[in-house]
Structure formats: C-alpha cells, structure tokens
Number of protein chains: 2
Amino acid sequence: MTEGRSRRPGPRIEEVARVAGVSKSTVSRVINGEKYVSERSRLAVHRAIAMLGYSPNHAARTLAGSRANAIALVISELGSRVLADPFFAGVLRGVHAELAGRHVQLLMMMNQPLDGEDQVAYLTGGHVDGALVVSLHGEDPLPRTLHETGLPIVVGGRPLAGGAVPFVDSDNFNGALQAVRLLVSLGRTKIATIAGPHDMAVGMDRLSGWRCGLAEHGMSVALVVHSDFTPESGALAMEELLRRAPDLDAVFVAADIMALGALRVLQARGYRIPDDVAVVGFDDSVLASTAVPPLTTVRQDVEQFGRTLTWRLLSELSGDEKLPQSILLPTSLVRRTSA
Amino acid sequence: MTEGRSRRPGPRIEEVARVAGVSKSTVSRVINGEKYVSERSRLAVHRAIAMLGYSPNHAARTLAGSRANAIALVISELGSRVLADPFFAGVLRGVHAELAGRHVQLLMMMNQPLDGEDQVAYLTGGHVDGALVVSLHGEDPLPRTLHETGLPIVVGGRPLAGGAVPFVDSDNFNGALQAVRLLVSLGRTKIATIAGPHDMAVGMDRLSGWRCGLAEHGMSVALVVHSDFTPESGALAMEELLRRAPDLDAVFVAADIMALGALRVLQARGYRIPDDVAVVGFDDSVLASTAVPPLTTVRQDVEQFGRTLTWRLLSELSGDEKLPQSILLPTSLVRRTSA
DNA sequence: GCCGCATCTGGGAGCGCTCCCAGAACCCGC
DNA sequence: GCGGGTTCTGGGAGCGCTCCCAGATGCGGC
C-alpha cells in the first residue's frame, strides 16, 4: 500500500537514516550542518549518504522548510542589451562558480515590460531567498522596490535610484582616473572624453574619474560628449568632439565598444593613433584586443564581479552580520597600442 | 493550533476553493487545465484566483505531482566561450520569451569540469522535466548521455556525436552556400575559406556549404584553412591562405569574429576590400556592422533560435507527438561593403 | 424500464522533507 | 545529593499541493 505513486528515482532520507542507524531527524541535521550532532552520528550519516548516493529532494526541502533554496538572477531592462554585453557573460560565469557545491538553484528571470508586477510578486512570494539584480539603467526602480519588500538583494553595478540597496560594482571612478593619468604622463594636454549616458552610474562614475584626473593637473574638463554605448553613437560623439576641438590629442572613451566607432572616425579623418590622438577605452572586452590598433583600456575582472555579487548575497542569507553594504572591485590599466 | 509555522505569504488553494464554492480538487483541475470541469466552476475559480491574487506554490506542486515544473539550461563545455558569444545572449532572450506566462522555472547550469557526473545525476534526478543544452563542441558526450537516460532534451546546434538527439540549429549549410553564390555572381573565381575546427558541427556545415557552392560551378575547393573562432587564429589562417594563393580574390570566413582578424591581415598586406579581395563572414554579430569596412555576412536569427529550442522542448513535455525530430532555421545574406 | 458510458465533483492519502517538542544522557557546581 | 544547564536524539505534525478513488448526475440506446 505504500508504493502507490510514480516515484522519483533514488533513496529517501528515511533509507539513509536506516542505513546509518539513526533517525530522520539526525540525518536532516547532518545535511543542514546543524550543531548538536555527535561526531559518531555525523560520520555514519556521511557514509550512508555516500553509499546510497543520496541527494535531498529540493521541492520537499523547500516546502517543509522556511527557505526556498534558490536565488534569482534578474536581468532588468529588457535583457537584450545586458546580454549582448560580453560583460554579462563573465559575470554569469562568476556567479555560477561561486554557487558551485551549494544546494542553491539559480533561477533566470528577465524583466519583460509586461510582467513588472508579476515579477515582484513572484520574487517576494517566497519562491526565492534572494536575488541578484543586473540592471543597466541606474534609475530602474526595480532594485529599490525589491529591497523595500525586505527581500535580500544585491545589485550588479551601482544603482542611481538605489537608496541603501547593497551593490557590487567595479571601481569605475579610479579606472577612469588611471586612464587620464596615463594620458597626462604621455604628455597629452587636450584630453577629451566620450562619456556614457546620464542615467547610468557606470557612465557617470567614469566621467567623474576623468574630470578628477584633469582637475589634478588644472586641465580643462570642457571636452565631454555623452553617448550610449554603441559603436555608432561613439562615432557620432567623436565627430562632435573633433568639430569642437580638431586639435585634441587624446580621448578617454567610457567603453571599448564606443571606442571602436571613435577609432573609425579618427582614422577616416587621417589622424594617426596614437601619434596624433591617443585613445583609451574601458572594459578590456574582446573588442579591445582585436581593434586596429589594439586598444589601451581599463580592465575590470568580470568573473570576480560575479563571484563577489553572489558571495555577498549568500553571506547575507546565511545570516552574516557586519557585511560591507556595498563593494567596489579594483580596475587596472592595460597598455596596448592606442595610447 | 493550525497556525504553527512561519508561513509564506499569500492564500492557499484551499482558500480559493472556499471562495469559489468548490473543492480543492476542482481548483487544481482548473489550474492545470484539465477537462471534466464545468464552465460554471471554471469561471468561479478564475474569479476567486483573481480576487485573492493566488499563485500556486511551486515546491508543493513539484513535490506532489509527477513534474518538476522546471527546465534546465545547460551550458556545456566550460561556459566561458559560449557565454562570451553574443550569439548566446540572443538565444537566451528567445528562450525566456518563449517561457513567458508558463509556470516553468528556468534553471541555469554550467558544466564545470569537476561536476560532470553530479550534473547528470542532478538533471536525471527529477529536479527538472527537461533540458536545453547549449553545447559548443559537437563531440561533447553530454547531450547523448542525457538523452540516453530518457530525459527530454533539445540541443542548440547540431551535435556531432548526437545519435538521435533532437536539436535545433541554423541552416549553416545553406547560409554558406548563399555566401559562395554571391561571391560567384560577383565574378570571383578564386574563392578561399577560413573554416571552423573539425570538431564543431557549425564549422563543418558551413564548410560543406562552401564546398558545395564551389562544386556547382566546377571551382576548386582546395583553399581551406581551419581555424578556431578567434580573431587571432583568423589572422593566422588568412596569412596561410595568402601564402598558398596570393592571388585569391574572395574569402568566405565561417565567423565574423575570425573575419576581423582576416580583414586586418588583408589590409596590412595592401589588399583593397572588396576590390582585390571580397570577404563574407557569418553570424551577423555586432562585430560585422562595426568592422572596417562593414562586413557582408550571413545572418541567423538568434532570438528565434532560442524560441524554437524552447518550443520544441515544451511541446515534447506536453506530450505532443509527431514533432519534428530536429529543426533547421533559415539563414540569410546581409550585404554590406566587404563583398 | 435498465444498463452503460461520459461528465463532473469532493475526499483524502501521500509526496519527502523540516522543525518543534519532549525526553534521555551527561556534566557542572553547591 | 539535587537542581540546572548543555548536548544529543527520535517522534511526528505539518508544508501545499496532485492525483487516485468513489460517487453523483445526466444522457444515450435497447
């Protein structure tokens, strides 16, 4: 009478208990790493688990327990642009690496225009224990909304409308600062920038770094054109800069992908790189090394980014107090040919 | 006594039943779209669900039912290379679009060298109903292994060691064929190719298309160099081709990213593009439009790819018979400047 | 009239865990 | 000696669903 339904394969916790000569409760304690288990029992249980090839049923743990044993990876703002970014690929790799070995599922969610509300409902409905939010637009309200519901979240990239939402980000400010210092050390005196849009923290922080670097040397911070992280807009921005200052001798471009467009315009106008104009990009994406000439750029460790993001969330979930609210990851200059 | 544990928020199925004036069973039937429910009950239940904002508990459904209500997205072979590929980003977008509205979770899994066995165990352990496998190397044994366990899977990209594993792929053969026909129609007579590696179906299929296109016109298929989908190896391959045939007048490159390297070599040697040498790439990635000169290439609809992949799996899961075993998606030529 | 079949419904067992509770065993200090 | 704690253990009541079963009802044909 007990063999009624079509069962999933594999042993149950009860069998482990029998083989180990203890109760279900004790097996459960061992699995969840609780204290108050004798060394003897712990060993017996581990042996039994290995012998039977036991693996706990996720649904049952979630249903019975107070955790969902899953976290969400929320890709905000239509997903398309985030995903097209090789940056994201590296982050995802890091996230996964950090998750390895833990019994935590990674759920993918994209923020489609339709289901904004549904998504918040789903996330706060107990289906996940926390969320990693990768948001491009700094003013996306989602991170804040989620955080206010009390759901533990960590945002990848500093949110502009963040309030006190924990985030992990690359040190964009210092990366840009280093780039400018390099250009100055090379003797450049008329240093422009192609910045990102106003509504993205990543763009604004790089712009601040550029400003600060110039200010250090009393140089003008007038040569700014905002652009939107596409090669085409990078090209347009470069044209605008050249119109305003045909004699500029360096450009700090806030993303490699825009630098590609800028490079094309400079070359078309007959500027030699780096002789006439030095160019520094940002990201050290694959585009940088394949560009002609290969691009000097600011490197960020995207895999580390993903690992840190995940680590921060999991630590919070496991009750770790005194965690840093937010974390900045170092960036470093990569010298190639363009500067 | 009934309010014992810390509960997740929201109403239970029992409350929906009470409000709708029917039994739990009937509510369950409505939710799962079973037949044998009167129109009257169905309406009442829908109304109650809307009123209460009810959403079924995933863990409970999974535990009680015979389905896991989740599918896995398995990124095979170290993940790094697949992910860095913008191709993958589009696929993922498609996958997600197709999943929208269904109560199916998307679990991310990466195939790390360590946990090959664990992964198979996890996937076949009833945690998911099926899997989408995105595999780069055609000879990866994972798709076949999984398929043999009986787990419904669909592979993105034709597997070489596939056996009868269902897959979805772009029509690489015809894409290459079209590319060659274009080159022929442009009067080119010495058409080389930079092919992908031997162990990837995507490379081999494009190579076959190139061969076939040349054979149609009785042209030589001798000018082949294999490469590995990086710009650097594309450059090396181009150098090799020029050594063997300095007078070639066209190259079909099996990926835009390799074409970038080839372009660089050709330009460095003083060949004019497309005047001296016409170049056609494959993928229509972002690289193609930003290349100098903009690359004529073969386009594949990556989002459609993801949608189709998912559709095929879900159809199988819902018991659809007479599904096509595998599906090829059309590719089309995009004319730009390089040919 | 009656038997069969299709349609619809509710009751309730059970999915495989976690976590509460009660209790056993042991140590400590007075 | 006894009360108090800490350490360890097993029993068992759920978690919120699905799905089997039994039963009620309606409708057709003989």
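Preceding block: the structure.
Below or above, wherever it landed, is the structure these notes cover. (Residues numbered from 1 in each chain as written. Chains lettered and ligands numbered in written order. Predicted model: local features only at pLDDT ≥ 70, side-chain atom pairs only at ≥ 80, totals over all residues. Heavy atoms only, no water.)

Brief notes about the overall build of chain A
- Looking only at helices and strands, chain A has 14 helices and 12 strands in total.
- Against the compact-globule benchmark of 20 Å for 339 residues, chain A has a radius of gyration of 25 Å, which places it well outside the compact range.
- Structurally, chain A occupies a C-alpha span of about 85 × 40 × 35 Å along its principal axes.
- Counting over 339 residues, chain A shows a buried share of 53%.
- Expressed as a percentage of contacts within chain A between residues at least 6 apart in sequence, the contacts between residues at least 24 apart total 69%.
- Counting every atom, chain A has about 14800 Å² of accessible surface; 53% of that belongs to carbon and sulfur.
- Taking the average place of the 34 positive charges on the side chains of chain A and the average place of its 36 negative ones, the gap between the two points comes to 8 Å. (Helix = DSSP H or I, 4+ residues; strand = E, 2+ residues; numbered from the N terminus. Rg over C-alpha atoms; globule rule 2.2 N^0.38 Å. Buried < 20%, exposed > 50% of the residue type's maximum accessible area, 1.4 Å probe, protein only. Contact = heavy atoms within 4.5 Å. Areas by Shrake-Rupley, 256 points an atom, 1.4 Å probe, with all protein chains shown as cover. Lys, Arg positive; Asp, Glu negative; His and termini not counted. Charge placed at Lys NZ, Arg CZ, Asp CG, Glu CD.)

What to know about the interface of chain B and chain A
- Counting from both sides, the interface comprises 47 residues of chain B and, opposite them, 48 residues of chain A.
- Here chain B and chain A share an interface that buries about 3700 Å² over both sides, 62% of which is from carbon and sulfur atoms.
- Across the chain B-chain A interface, the total number found is 0 salt bridges.
- There are 2 residue pairs in polar contact (both at pLDDT 80 or more) connecting chain B and chain A.
- Considering only residue class, the side of chain B that touches chain A consists of 24 nonpolar, 18 polar and 5 charged. (Buried area = accessible area lost by both parts, 1.4 Å probe. Salt bridge = Lys/Arg side-chain N within 4 Å of Asp/Glu carboxyl O. Polar contact = N/O pair within 3.5 Å; in protein donor to acceptor, adjacent residues only side chain to side chain. Nonpolar A, V, L, I, M, F, W, Y, C, P; charged D, E, K, R; others polar.)

Considering the relation of the copies chain B and chain A
- The transform that puts chain B on chain A rotates by 180° and translates by 0.0 Å along the axis, for an RMSD of 0.1 Å. What we have between these two chains is a two-fold relation.
- Mapped onto chain A, 100% of the interface residues of chain B are again interface residues, and the two copies thus contact each other with one and the same surface. (Least-squares fit on C-alpha atoms with pLDDT ≥ 70 in both.)

What to know about the packing of helix H1 (residues 13-20) of chain A against helix H2 (residues 24-31) of chain A
Residues and elements named next belong to chain A.
- Their axes nearest at 8 Å, the elements H1 and H2 cross at an angle of 100°. Here H1 is positioned roughly perpendicular relative to H2, judged by the angle of their axes. Across the interface between the two elements, Ile13, Glu14, Val16 and Ala17 of H1 pack against Lys24, Val27, Ser28 and Ile31 of H2.
- Partitioned by chemical class, the residues of the contact of H1 with H2 number 5 nonpolar, 1 polar and 2 charged. (Axes fitted to C-alpha atoms, helices over the stretch in contact; angles between N-to-C directions. Parallel < 35°, antiparallel > 145°, perpendicular 65-115°, else oblique.)

Focus: the sheet that holds strand S9 (residues 278-283) of chain A
All names here are of chain A.
- Across the sheet, which stays open at both edges, the 6 strands sit in the order S7-S6-S8-S9-S10-S12 with mixed pairing between neighbours. Among the strands making up the open sheet, the edge pair consists of strand S7 (224-226) and strand S12 (331-334). Neighbouring strand axes in the sheet, compared pairwise and without regard to direction, differ in orientation by 20° on average.
- Alignment of strand S10 (residues 296-300) against S12, held across 4 bridges, turns out to be antiparallel. Residue pairing for S12: valine 298 is matched across the bridge by leucine 333.
- Contacting strand S6 (191-195), S7, strand S8 (250-253), S9 and S10, helix H10 (residues 201-216) runs over the sheet at an angle of about 170° to S6. (Pairing = 2+ DSSP bridges.)

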